[in-house]
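Given next are the chains, with one letter for each unit.
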Amino acid sequence: MLAPVLHILPLATILRERLLPIPGKVKVHLNQKVAATDVIAETAWAREHVLLDVARTLGVSVEAANRLIRCKVGERLSQGSIVAEDGIIRRTIHVPREGRVVAVGGGKILLEVGNTNLELRAGIPGIITQIIPDRGAVIQTAGALIQGVWGNGRVDASMMYSLIDKPDDMLTVDRLDASLRGLVILAGQCRDAEVLQAAAELPLRGLILSSLLPLLIPTALQMRYPITVTDGLGHMPMNIAAFKLLSTNCKREAAVNAEPYDRYKGTRPEVIVPLPVSQDPPLPRDEETFVPGQQVRMRRAPHAGEIGTLVNLRPGLTSLPSGLRATAGEVRLDTGEQILVPLINLEVVG
Amino acid sequence: MPASSVEGDTLLVMDVGAAITRAMFFDVVEGQYRFVANGQAPSTAEAPYKDIGEGVRQAIENLQAVTGRTFLDTDRNLITPIQEDGNGIDAVAATISAGPTIKTAVVGLLDDVSLASAIRLAETSYTRIVETISLNDHRKPEEHLDILLHTRPDLVIIAGGTDSGASHSVQRMLEIVGLACHLLPPEKRPAALFAGNQSLAKIVQSSLEPLTLTLRLSPNIRPTLDTEDLDPAVKELARLIPEIRKRYYKGVDELNLWTNGHILSNAYAQGRMIRFLSKAYGATKGLLGLDVGVSATTIAAGFNGKIALSAYPQFGFGENLAGLLQYVGLADITRWLALDIPQEAVRDFLYQKSLYPATIPATREEQAIAQSVARQALILALQAARRNFPQGIPMLKPGLLPLFEPIMASGGILTNVSNLGQSLLLLLDALQPVGVTTLILDQNHLLTALGVASERNNIMPIQVLESGAFTNLATVVSVVSSANYGTKVLRARLTYENGNETTVEVKFGGLEILPLPSGQIARLSLQPLRHTDAGFGPGRSGSIRIGGGAVGFVIDARGRPLVLPGDPVRRRELIKKWLWTVGGI
């Protein structure tokens, strides 16, 4: 059976394609070294448009209006510029706001105004290995990779510091003080909006949580620093594989790319800790099938988030405590306990 | 390329769901079409595969393991037509529901005319309406344009103007849509469906076709102000959905080749089958089909050949599940629990299931939560769907569910249960049917398969339906009464084929089951008391022949609408009692 994969890897070659949503200018070159926060491409995005109905305003036919229009597509116009003029009745049409002409026709002019610059950040530190013209680049790095399940869409990087001693620790406001300013913080569960606000006030450069209360999602989305959740929305300790790997990499530079989890695009929030290597480590395997011996993570109760080893695959369908019948396997937990889990509730860690 | 499904051929129907891909095999056995077996595999529409082909092939390979037949060659290509050695398949058809909810902008002229119809059209598929634009909307054209650019719909549905009626206003709307498409990068441009004034069809084609992912034209959904005709547009939309899905994953083109173009959206195929059956059986009551799927909860109500079809991704049992809390509170879900489970656990369940839509309950507690959530999702979907039911359909009392016979249900939460009593109670609680009805469970998800197969072969669905491939859960009598709790409201006598009789007196608030196994027929005589209505009119007696079911014959006198006790302890005890009665514990 095909198995979903969660990457929690101490050392891997990581390749990430980063693309602008619309065409723009790529600002990096091949083999360039970039930091996670570096802007690798940018574009201007028009927040608003202004439609000037020349025909209606001048009271002429569409054909006549088209002849009276003076501007062309692509032209940049300052506020007050005359874009159409009827010499006979001495009436003119001025541009109400500075903008760029994006369409002309049908006796109308369409301007884009209120441009906003859109910057695409690298998201991971590394080397540019491919330029995708007008859209972005592929970045390669080597290091530890820890994927999560929820992110607030922000990117940043800094030294990682741990505030947790065990996977089920809870982050409270009193743990956040000025000494943490500018750091990426490894924390546990977050159940209090004040914690997120306090982290913003320091400010932190990143927050790695095991779980986040669903009620805090709106607040987390407003935060300007990246928040990555490793295990779930609700009450969940950090899975032991992520906890160990993140803990052992504390006091190292960590990039937190809190990209939202999108099953169809394949994007996930992730933490990357760049590590020096003499030769490229292997690429992570994205496609797996379940086989005994794999490290697996339980995705649903009663052991949601726990890591174990897949001991065997049961033939056919197996009755579960819920009464359902499904293809299942036995998983040995770190405690030595062996449990029965439907395969569909597992993901391979690797 | 395989031939289309024609009579006498073997048929393979692929159902590509958000979580599971099914391969269903139909063959002629002793001169009749039969459902033979199915094979399942996890769907591979999502990353890292982004190609439904792998899941399709794995499902077929699992079908091969079950049937001992060979459908794929050593290169995993479909063998077609069927070979002399019996390998291969004659015809293939497919339904698709996998993929994210389709962001849809709806454009019409008048809010309560073409726009309302266009919204109803959008609701027949897996859409989420992100914007509506109409003449009643007083925003400037450039504001409409900006909204379309911001929301980036996958699909734009354009309606408006009666045939040979308003055209200038529709053209103004078209101009906005065209401009938005022009300004979007080519790979982000939406698909479009035009279902308005037919005199504009050529203009629409020339102006929008070069600017859209794909453009489809359908007959006007409002040919006159007073008439609405959604059916042709619903079909066009059903064919458009796989085109939109191609943007998210590969494999649709190959499946299109295999099926010779016989791919439909899952919801449409279900609706098609319900309409077909409602016409074939021509009953005075309606026929209700429902599917609680990962992509959406779909409600299809057929009324003598007319269909009211609604697909609600927001009430689906997958990635949108956490969004259910925008419509109801946690207490609305926990009220259905027989176990004392904290609301926080239910909230965690919703979010965890949203993160991992394909996962299943492994514990008794999680299964109880899942079934409670399903009850509430079905209640919401049915409430929304009822707005689209036609006027004047038979019902016992305003506000209650119209009379349906039968009710056909599918979806993993209903079919993947430890015992069928749980499915029965879930359906009774959520639907609250009235009068006499039969509850049928589609355990193999055949309804959509038959819906797409019926495009070319209208004998097969009837033969498969009559072959016992569906599970009769129970014949149910649900009474409507204003009697006091605990007073007698119904006397029922069941006369079996062998002449034996069972009689029961049912008190208001009660839930009773009489044995009547599947395949058996009995005569049911009902004598309502105290103006109670058992489907024959208030206080009127009646007698009918009924069929048996997996759970038996059920009398639901718990009241319509069903009111649960406010006290949580008493409520849980009562639900436990009901579960015990239907054999659900």
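Quick caveat: nothing in here was measured; it's all calculated off a predicted structure. (Residues numbered from 1 in each chain as written. Chains lettered and ligands numbered in written order. Predicted model: local features only at pLDDT ≥ 70, side-chain atom pairs only at ≥ 80, totals over all residues.)

Caption draft 1: Structural view of the overall build of chain A. For chain A, the count of helices and strands is five helices and 29 strands. What you see for chain A is a C-alpha radius of gyration of 27 Å, clearly larger than the 20 Å of a compact globule of 350 residues, by over 25%. Structurally, chain A occupies a C-alpha span of about 95 × 55 × 45 Å along its principal axes. Across the 350 residues that make up chain A, the buried fraction comes to 45%. Residue pairs in contact within chain A that sit at least 24 positions apart in sequence constitute 61% of those at least 6 positions apart. (Helix = DSSP H or I, 4+ residues; strand = E, 2+ residues; numbered from the N terminus. Rg over C-alpha atoms; globule rule 2.2 N^0.38 Å. Buried ≥ 20, exposed ≤ 12 C-beta atoms within 10 Å, placed from the backbone. Contact = placed C-beta atoms within 7 Å.)

Caption draft 2: Up close: the overall build of chain B. Looking only at helices and strands, chain B has 16 helices and 22 strands in total. Here the C-alpha atoms of chain B give a radius of gyration of 25 Å, agreeing with the 25 Å that 2.2 N^0.38 yields for 585 residues. Per-residue burial over chain B gives 55% buried out of 585 residues. Looking at chain B alone, contacts between residues at least 24 apart form 71% of all its contacts between residues at least 6 apart.

Caption draft 3: Expanded view of the nonpolar core. Residues and elements named next belong to chain B. Formed by 293 residues in total, the largest nonpolar core has its most connected members in Ile157, Val177 and Leu424. The element contributing the most residues to this core is helix H11 (residues 364-385), with ten residues. Discounting residues that sit within four places of it in the chain, Ile157 has contacts with Thr104, Val106, Val107, Ala118, Leu121, Ala122, Leu193 and Ala195. (Core = buried A, V, L, I, M, F, W, Y, C linked by C-beta atoms within 7 Å.)

Caption draft 4: Layout of the packing of H11 of chain B against helix H13 (residues 420-431) of chain B. Residue and element names in this part refer to chain B. For the pair H11 and H13, the least separation of the axes is 8 Å and the interaxial angle reads 35 degrees. Where H11 crosses over H13, the handedness of that crossing is right-handed. Contact residues: Gln371, Ala374, Arg375, Leu378, Ile379 and Leu382 in H11; Gln422, Leu426, Asp429, Ala430 and Leu431 in H13. Per-class residue counts for the contact of H11 with H13 are seven nonpolar, two polar and two charged. (Axes fitted to C-alpha atoms, helices over the stretch in contact; angles between N-to-C directions. Left-handed = near helix turned anticlockwise from the far one by under 90°. Nonpolar A, V, L, I, M, F, W, Y, C, P; charged D, E, K, R; others polar.)

Caption draft 5: Quick look at the environment of Leu240 of chain B. Residues and elements named next belong to chain B. By the element assignment, Leu240 lies in helix H6 (residues 231-245). On the neighbour-count criterion, Leu240 (24 C-beta atoms within 10 Å) is buried. When sequence neighbours within four positions are dropped, the list of residues in contact with Leu240 reads Ala191, Leu193, Thr214 and Arg216.

Caption draft 6: Fine view of the pairing of strand E13 (residues 136-147) of chain A. Residue and element names in this part refer to chain A. With respect to burial, E13 is a largely interior element, ten of its twelve residues being buried. Bridge count between strand E3 (residues 8-19) and E13: ten bridges; the pairing is antiparallel. In the strand pairing of E13, Leu19 is matched with Gly136. The sheet contact formed by strand E12 (residues 126-132) and E13 spans five bridges and is antiparallel. In the strand pairing of E13, Ile131 is matched with Ala137. Both E13 and strand E21 (residues 270-274) contribute to a ladder of five bridges, which runs antiparallel. Across the sheet, residue Ala144 finds its bridge partner in E21, namely Val273. (Pairing = 2+ DSSP bridges.)

Caption draft 7: A look at the packing of helix H4 (residues 168-183) of chain B against helix H5 (residues 201-208) of chain B. Residue and element names in this part refer to chain B. Here H4 crosses H5 at 15 degrees, and the two axes come no closer than 11 Å. The pairing of H4 with H5 is recorded here as roughly parallel in orientation. At the point where H4 passes H5, the crossing takes the right-handed sense. Here H4 contributes Gln171, Leu174, Val177 and Gly178 to the contact with H5, which in turn contributes Ile203, Val204, Ser207 and Leu208. In terms of residue class, the contact of H4 with H5 is built from five nonpolar, three polar and no charged. (Parallel < 35°, antiparallel > 145°, perpendicular 65-115°, else oblique.)

Caption draft 8: Structural view of the sheet that holds strand E3 (residues 32-42) of chain B. Residue and element names in this part refer to chain B. The sheet built from five strands is open, its strands ordered E3-E2-E1-E4-E10 with mixed pairing. Edge positions in the sheet fall to E3 and strand E10 (263-265), since each of these pairs with one other strand and no more. On average, adjacent strands in this sheet sit at an angle of 20 degrees to one another, irrespective of strand direction. Judged from the six bridges that link them, strand E1 (residues 11-16) and strand E4 (residues 91-96) form a sheet pairing that is parallel. Looking at the pairing, Asp15 lines up with Thr95 of E4. Docked against the sheet, helix H7 (residues 252-259) engages E1, E4 and E10, running at close to 140 degrees with respect to E4.

Caption draft 9: Structural context of the interface of chain B and chain A. Taken together, the 36 residues of chain B in the interface contact 39 residues of chain A. Looking at which element gives the most residues to the side of chain B that touches chain A, the answer is helix H10 (residues 343-355) of chain B, with five residues. Of the residues in the side of chain B that touches chain A, the class split is 19 nonpolar, nine polar and eight charged.

Caption draft 10: Seen up close, the domain arrangement of chain B. What the domain assignment lists for chain B is domain 1 (11-98 + 251-261), domain 2 (102-245) and domain 3 (267-581). Computed over C-alpha atoms only, the centres of domain 1 of chain B and domain 2 of chain B are separated by 35 Å. (Domains from an automatic or database assignment.)

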